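Remarks on the overall topology
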Amino acid sequence: MYPFRNDNVFLRNCWYVAAFNNELDAGPIERVILDEPVVLFRMADATPAAMFGICPHRYYPLGRGKVVGDSIQCGYHGFEFDGRSGSCVKIPSQNAVPGRFRQKIYPAVEHGPWIWIWPGEPELAHKDLLPPLAEIGVLQPDWRVDHVGLLPTAGRAQLLVENLLDLTHVAFLHGAFVDGAAFLQHPVEIVEQPLQLMAHRQMRSAWVAGFYDLLFGPQHRFQGSHLAETQTVFYSPGYIRTNSGVIHEIEGRDSVDRSVFGEVRFHHILTPETAQRTHYFSTMSRNYRLDDNGYSIAMGKLDYDVRMQDVVAVGEIEGNLQRFSMHGPELLARSDAASMRVRKRMQEMLDAERL
Ligand code: FES
Ligand SMILES: [Fe+2]
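Everything in this summary refers to the structure shown in the same document. (Residues numbered from 1 in each chain as written. Chains lettered and ligands numbered in written order. Predicted model: local features only at pLDDT ≥ 70, side-chain atom pairs only at ≥ 80, totals over all residues. Heavy atoms only, no water.)

Structural notes on the state of the cysteines
What the rule picks out here adds up to zero disulfides. The cysteine Cys88 is free of any disulfide, with Cys55 supplying the nearest cysteine sulfur at 8.0 Å. (Disulfide = S-S within 2.5 Å.)

Considering the packing of aromatic side chains
Taken as a whole and assessed by the stated rule, the structure comprises 16 aromatic pairs. Taken together, a centroid distance of 5.3 Å and an interplanar angle of 70 degrees make the contact between Trp15 and Trp118 edge-to-face. Of the two residues, Trp15 sits in the segment before strand 1 (16-20) while Trp118 sits in the loop between strand 11 (114-117) and helix 1 (133-136), which places them 103 residues apart along the sequence. With 5.4 Å between their ring centres and 45 degrees between their planes, Tyr60 and Tyr76 make a pair best called tilted. Taken together, the residues Tyr60 in the loop between strand 4 (48-52) and strand 5 (66-68) and Tyr76 in the loop between strand 6 (71-73) and strand 7 (80-82) connect sequence positions 16 residues apart. One aromatic cluster in this structure is built from Trp207, Phe211, Tyr212, Phe216, Phe222 and Phe261. Sitting over the ring of Tyr295, Arg289 keeps its end group 3.9 Å from the ring centre. (Phe/Tyr/Trp six-rings, centres within 6.5 Å; stacked < 30°, edge-to-face > 60°. Helix = DSSP H or I, 4+ residues; strand = E, 2+ residues; numbered from the N terminus. Lys NZ or Arg CZ within 6 Å of the ring centre and 35° of its normal.)

Topic: unusual backbone geometry
For the peptide bond that leads from Gln140 to Pro141, omega is 10 degrees, which places it in the cis range. Positioned with a positive phi, Asp35 is a non-glycine residue whose angle comes to about 70 degrees. Checked against the element boundaries, Asp35 lands in the loop between strand 2 (29-33) and strand 3 (36-42). The phi angle at Ala46 is positive, at roughly 80 degrees, despite the residue not being glycine. Summarising the element assignment, Ala46 is placed in the loop between strand 3 and strand 4.

Some points on helix 2 (residues 157-165)
With nine of nine residues buried, helix 2 lies mostly within the body of the structure. Three or more residues of helix 2 are buried, namely Ala157, Gln158, Leu159, Leu160, Val161, Glu162, Asn163, Leu164 and Leu165. (Buried < 20%, exposed > 50% of the residue type's maximum accessible area, 1.4 Å probe, protein only.)

Observations regarding the nonpolar core
Nonpolar side chains in soluble globular proteins generally cluster together in the buried interior. One finds Tyr212, Leu215, Phe216, Ile247, Phe261, Val264 and Met299 to be the most contacted residues of the largest nonpolar core, which totals 27 residues. Contributing elements (two or more residues each) for this core: helix 4 (181-185), helix 5 (211-216), strand 17 (246-250), strand 18 (264-274) and helix 6 (293-323). Once residues within four sequence positions are removed from consideration, Ile247 is found in contact with Tyr212, Phe216, His226, Leu227, Ala228, Val256, Arg258 and Phe261. (Core = buried A, V, L, I, M, F, W, Y, C linked by side-chain atoms within 4.5 Å. Contact = heavy atoms within 4.5 Å.)

Some words on helix 7 (residues 337-354)
Here helix 7 is 18 residues long and its end C-alpha atoms lie 26 Å apart, about the 26 Å a rise of 1.5 Å per residue gives. Where helix 7 is concerned, the buried positions are Ala338, Ser339, Val342, Arg343, Arg345, Met346, Gln347 and Leu350. Elements that come into contact with the buried residues of helix 7 comprise helix 2, strand 13 (189-193), strand 14 (196-206) and strand 15 (225-236). (Expected span 1.5 Å × (residues − 1).)

Describing the sheet that holds strand 2
One open sheet holds the four strands; their spatial order is 2-3-4-9, and the pairing between them is antiparallel. At either end of the open sheet lies a strand with only one pairing partner, and these are strand 2 and strand 9 (105-106). Where strand 2 lies against strand 3, five bridges are found, and the strand directions are antiparallel. When the bridges of strand 3 are listed, Ile29 appears paired with Leu40. (Pairing = 2+ DSSP bridges.)

Here's what the structure looks like:
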């Protein structure tokens with residue numbers, strides 16, 4: 001079953017993040033996505049363009065060229081290709097251009113703080129398949145958005161999907177940063193909708209030492225228990241969000257002060273680079289302490305350190321998958337329920353693509 005079959009790796013009809021939106025400000029960039037070289041740039045009106053990234057003349061990387069109006073100009077002999085149509089619009093050494101030639105173009109859109117591309121059939125690239133910005137928590141002025149970075153991951157994207165859908169690993173893999181005991185004690189509930197699957201937990205526990213000190217500040221420490229809800233929401237193979245927990249109630253208080261006990265959203269953007277490597281884009285957003293730059297830096301460091309533990313783990317797992325043959329069935333537990341449902345969804349999507 002997916003994701004361990006070698007002939008069945010990429011879902012193409014899906015929006016994937018190709019870049020953080022601020023990456024294109026300084027000129028074109030090149031990035032391998034689903035095993036294809038892609039050049040990304042902004043056209044004259046700032047609209048993003050995504051094009052097959054190897055020049056069809058002598059195969060120089062188009063990402064080393066420069067933007068001229070709506071076109072990318074190759075840095076080798078100066079041929080220019082239009083960002084909307086892929087037409088060759090200029091060959092500097094001659095007057096004529098080949099009328100019918102088209103370089104491959106990918107549908108591309110700036111949506112929220114990211115640039116998305118659609119590697120599959122262009123006519124299926126509907127914008128309503130993108131995650132809704134208000135719902136995921138990146139719309140200003142209510143949310144502050146910080147990009148933490150792009151984490152190159154030496155493992156297939158599905159390993160990160162399954163990492164995020166089973167947060168019992170927090171207690172062990174991230175035990176140095178977060179006391180994850182509550183994840184083991186409270187069962188996950190799964191809510192399925194046509195365009196998303198949410199795995200969430202209601203957890204009653206005490207102040208989480210270390211993690212809450214950083215998240216809310218030690219001066220706001222409270223005695224007694226509180227009820228928090230953590231969520232992992234799968235929108236597509238390319239986008240999953242988690243959160244720091246929403247505090248619903250604190251023992252002995254009538255209400256929860258949202259300016260102190262706000263919510264941090266962790267956006268997990270998973271774009272396959274190859275069958276066994278992933279571009280893992282890390283973005284955070286939060287709905288409190290919006291002007292606190294120092295807080296962004298501190299949270300960004302925590303986010304980076306925690307995600308790097310996942311990146312290293314996934315690299316180890318991928319190494320095992322490639323090096324050794326796995327004998328016997330997988331040993332699955334209750335905590336794998338959300339992952340198994342997502343695997344089933346993804347297999348159905350892959351099967352539908354092949355019809
Ligand atoms: S290789 Fe691009 S113009 Fe010659
Ligand atoms: Fe993790």
